[in-house]
Amino acid sequence: MKIFQNTGVLLFLLLLIPGQTFSQDILYKKDSTILKVNIIDFNGKTIIYQIPGDSSEMKYFLSKSILDSIEYSDGKSLDFTYASQIKELPSKKISRNYLSSEIINSLSGNLNIDYERISETGMSSIVIGLLINVNNDDYNYWDEYHGPLQYYNFNPHYFFARFGINYYPFNYSLVMSSNFRVSTGLSILLGSYRKVDFSTYTTTYGFDTEPVFAGSLMWNIKERLYMGDHLQIAGGLETSILPFFTFFCPQVDLSFCF
């Protein structure tokens, strides 16, 4: 009978020992230290664990950065050695400031300079600009009885100031993912137009013109190409919404980026 009693106690102890031995997790540290623990939680950066057999049930914390790997009691494992060898490549960011000249209007005598400031998100920008017409050609005048698509440049203006907002529908950040960017936007032009006075016709001088104040609401769309860290060229179209489709101007911008 005593033999059976001793055998029962031995079997009971054998059942307990594997439960303590095989339920342990193993931490392999970079200094070659091995820790047998019970992992309570791992949030991806910090491991919270207890020491098996510690009656105080104190919790310990360990950073993932000092580990090579983890082997769980259920046979699963995490290896950090490969991830530590991967180096994040530095990201190239686009410039936020652009000083631009519109080439087509500038070649026709309309000196056009714009300044654009891109937001911190890279999604939008504000634009201010100035155009000064150095032509003295009275035949380029504003006609209040204009037709659609009548003006392909800004020759009827003496000058205007531009205030606008551009929107970048793709690449929602300042990180450069491509050398190309598409933008679209609205701007208000406020300035002076050369208006014809049909009541002043003479065979010698034709019609007289006079400056009048006027404004326009413009819409543009452009494809931008980065030629380097400090140079950008853009091609697109700008058309008037008010007055409706009266100005229909192709655009070629050359920008200095900083």
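Draft legend 1. Region of the structure containing the confidence of the model for the chain. Summarising the model, the chain shows a mean pLDDT of 85, and 84% of its residues fall at 70 or more. Across the chain, element-level confidence peaks in strand 7 (residues 97-102) with a mean pLDDT of 97 and bottoms out in helix 1 (residues 2-21) with 48. Counting contacts from residues 13-22, a segment whose pLDDT is below 50, to residues more than four positions away or on other chains yields two contacts.

Draft legend 2. Spotlight on a nonpolar patch on the surface. The grouping of Leu111, Leu130, Ile132, Val134 and Phe159 at the surface amounts to a nonpolar patch, some 430 Å² of accessible area in total. Looking at the element boundaries, isoleucine 132 is found in strand 9 (residues 124-133). The exposure class of isoleucine 132 is partly exposed, given its relative accessible area of 41%.

Draft legend 3. View of the nonpolar core. Counting residues in hydrophobic clusters, the biggest one holds ten residues: Leu131, Trp142, Tyr151, Phe154, Phe160, Leu189, Tyr193, Met218, Phe247 and Cys249. One finds Tyr49, Leu62, Leu67 and Ile70 within the second-largest nonpolar core, a separate group that totals nine residues.

Draft legend 4. Examining unusual backbone geometry more closely. The omega angle of the peptide bond from leucine 242 to proline 243 is -5 degrees, so this bond is cis rather than trans. Structurally, proline 243 is set in the loop between strand 13 (231-242) and strand 14 (248-257). Residues other than glycine seldom take positive phi values, yet serine 32 does so here, at roughly 75 degrees. Looking at where serine 32 falls in the secondary structure, it is placed in the loop between strand 1 (25-29) and strand 2 (34-42). We note that leucine 149 has phi near 55 degrees; this positive angle belongs to a residue other than glycine.

Draft legend 5. View of the pairing of strand 13. Summarising the sheet, strand 13 and strand 14 pair through nine bridges and their orientation is antiparallel. Within strand 14, the residue paired with alanine 234 across the bridge is aspartate 253. The turn linking strand 13 back onto strand 14 is made up of five residues, and phenylalanine 245 within it adopts a positive phi angle of 55 degrees.

Draft legend 6. Molecular detail of the environment of tyrosine 168. Mapping tyrosine 168 onto the fold places it in the loop between strand 10 (157-167) and strand 11 (180-202). A relative accessible area of 1% means that tyrosine 168 is categorised as buried. For the pair tyrosine 168 and glycine 122, spaced 46 residues apart in sequence, the C-alpha to C-alpha distance is 7.4 Å. When residues no more than four places from it in sequence are discounted, the contact partners of tyrosine 168 are Glu116, Ile118, Gly122, Met123, Ser124, Ser125, Arg181, Val182, Ser183 and Arg224.

Draft legend 7. Inspection of the packing of aromatic side chains at higher detail. According to the stated counting rule, one finds eleven aromatic pairs in the structure shown. Here the aromatic rings of tyrosine 49 and tyrosine 60 are separated by 5.6 Å at their centres, their planes lie at 20 degrees, and the arrangement is stacked. Taken together, the positions of tyrosine 49 in strand 3 (residues 46-50) and tyrosine 60 in strand 4 (residues 60-63) put the pair eleven residues apart, joining distant regions of the chain. Residue classification places tyrosine 49 among the buried residues on the basis of a relative accessible area of 8%. Judged by relative accessible area, tyrosine 60 falls into the partly exposed class, the value being 29%. Centroid distance phenylalanine 244 to phenylalanine 245: 4.4 Å. Interplanar angle 10 degrees. Geometry classified as stacked.

Draft legend 8. Representation of the pattern of salt bridges within the structure. Using the criterion set out here, one finds five salt bridges in the structure. For the salt bridge of lysine 92 with aspartate 229, the shortest nitrogen-to-oxygen distance reads 2.9 Å. Linking lysine 92 in the loop between helix 2 (81-85) and strand 7 with aspartate 229 in the loop between strand 12 (206-226) and strand 13, this pair joins segments that are 137 residues apart in sequence. Classification of lysine 92 as partly exposed rests on a relative accessible area of 43%. Across the pair arginine 162 and glutamate 238 runs a salt bridge, and its minimum N-O distance is 2.6 Å. One end of the pair, arginine 162, is in strand 10; the other, glutamate 238, is in strand 13, and 76 residues separate them in sequence. As far as the burial class goes, arginine 162 and glutamate 238 line up, both buried.

Criteria and cut-off values
Residues numbered from 1 in each chain as written. Predicted model: local features only at pLDDT ≥ 70, side-chain atom pairs only at ≥ 80, totals over all residues. Heavy atoms only, no water. pLDDT = per-residue confidence, 0-100. Helix = DSSP H or I, 4+ residues; strand = E, 2+ residues; numbered from the N terminus. Contact = heavy atoms within 4.5 Å. Patch = residues over 30% accessible without salt bridge, like charges linked within 9 Å, V, L, I, M, F, W, Y side chains within 5 Å. Areas by Shrake-Rupley, 256 points an atom, 1.4 Å probe, with all protein chains shown as cover. Salt bridge = Lys/Arg side-chain N within 4 Å of Asp/Glu carboxyl O. Buried < 20%, exposed > 50% of the residue type's maximum accessible area, 1.4 Å probe, protein only. Core = buried A, V, L, I, M, F, W, Y, C linked by side-chain atoms within 4.5 Å. Pairing = 2+ DSSP bridges. Phe/Tyr/Trp six-rings, centres within 6.5 Å; stacked < 30°, edge-to-face > 60°.

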